[in-house]
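# Breakdown of the fold
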Amino acid sequence: MQLGVLVSLPLALARAVLSALRERLSALCWRPVPLALPLLGWRRPSASGTNAPAAPREEWDEAAPTPTSVNYHFTRQCNYKCGFCFHTAKTSFVLPLEEAKRGLEMLKEAGMEKINFSGGEPFLQDRGEYVGQLVQFCKEKLKLPSVSIVSNGSLIREQWFKKYGEYLDILAISCDSFNEEVNVLIGRGQGKKNHVENLHKLRQWCREYAVAFKINSVINRFNVEEDMNEQIKALNPVRWKVFQCLLIEGENSGEDALREAEKFVISDEDFEQFLERHKDVPCLVPESNQKMRDSYLILDEYMRFLNCRNGRKEPSKSILDVGVEAAIKFSGFDEKMFLKRGGKYVWSKADMILDW
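Conventions used here
Residues numbered from 1 in each chain as written. Predicted model: local features only at pLDDT ≥ 70, side-chain atom pairs only at ≥ 80, totals over all residues. Heavy atoms only, no water. Patch = residues over 30% accessible without salt bridge, like charges linked within 9 Å, V, L, I, M, F, W, Y side chains within 5 Å. Areas by Shrake-Rupley, 256 points an atom, 1.4 Å probe, with all protein chains shown as cover. Salt bridge = Lys/Arg side-chain N within 4 Å of Asp/Glu carboxyl O. Lys, Arg positive; Asp, Glu negative; His and termini not counted. Charge placed at Lys NZ, Arg CZ, Asp CG, Glu CD. Helix = DSSP H or I, 4+ residues; strand = E, 2+ residues; numbered from the N terminus. Buried < 20%, exposed > 50% of the residue type's maximum accessible area, 1.4 Å probe, protein only. Core = buried A, V, L, I, M, F, W, Y, C linked by side-chain atoms within 4.5 Å. Contact = heavy atoms within 4.5 Å.

Here we take up a negative patch on the surface. On the surface, a cluster of negative charge is contributed by Glu249, Glu255, Glu260 and Glu262. Take Glu262: it is sitting in the loop between strand E6 (239-244) and helix H9 (268-277).

Given below as structure tokens:
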């Protein structure tokens, strides 16, 4: 047999074996349906049933935070003139009630569990009817676990509790001092009305109408030496939120500001000494400037998220125009800091064990 024939036989055999293997593998791998693999940039079908275009690369890496807890400052108007106020009365604009409800519904769909209504003073608008209807809508229609209000308390009447108290989980009243002269210096004085006496009246109404009572205090140059232990323990709020006076350019600081809060500012050391003096108050919840600046989701009167990271309030576009997901990416919100500072807590009165 010639040498060429001897060489060609093993080659032919090898080709035959390879061909058989290919056919076998093809039979094993074939399926009657296409192989489903997760592809980068793929999105779930929209409500209309069509797939939206793939998100840009930066959206894959930076998912929008969830608006678990939102602070809606629906008005800038206030009847007090607190010198350190960082949401001052630049406009008198308030959204039409139905537009505000539409925005709140959008926030609920995006994952909101808690809404806090603030201002300005929320009870100024329609003598509390506006905020009352929003509170009822959020609890009755949206079924939110927690609905709260922050107020200076001066305009709240018992009739409001009778009408809307069942829908409100928490009422937070701002009280920076138990010395009425200090309250006047801060800007909470209202002639013959006594802020501290009114605080005790509101505490009693909260007990009678099953609303959790909370106190917010801003620690500043005029109250930093005060000892509030006895008064806070006597009022027994569910939470005593203690803030460090914060400067926001264009709000309470700078040439275009309506307030000059520089004279109210205290050092970090001063704030820590105040906290140390009140460390035995069980409901104390301290919030330094570092914790506060990036860990709150704030909506202004146009339903724009306010980014405070650069020391100013830089607004996003309104959620009513661009949606929650697009607007919240410009909020500067630090979701990790929100959780770290204890932003999520037992905030539904149905889950609280209180003295009512």
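Most peptide bonds take the trans form, and the phi angle of most residues other than glycine is negative. In this model, Gly119 is joined to Gly120 through a cis peptide bond whose omega is 15°. Residue placement: Gly120 occurs in the loop between strand E2 (114-118) and helix H4 (129-141). For Asp126, which is not glycine, the phi torsion reads 55° and is therefore positive. For Asp126, the location among the structural elements is in the loop between E2 and H4. Overall, the relative accessible area of 48% leaves Asp126 in the partly exposed class. Positive phi is not limited to glycine here, since Arg127 has a value of about 55°.

Counting residues in hydrophobic clusters, the biggest one holds 67 residues, and the most contacted among them are Tyr72, Leu104, Ile115, Phe117 and Trp240. Considering every element that reaches this core, the biggest residue donor is H4, with six residues. If sequence neighbours within four positions are ignored, Phe117 has contacts with Tyr72, Phe74, Leu104, Pro122, Val131, Leu134, Val135, Cys138, Val147, Ser148, Ile149 and Val150.

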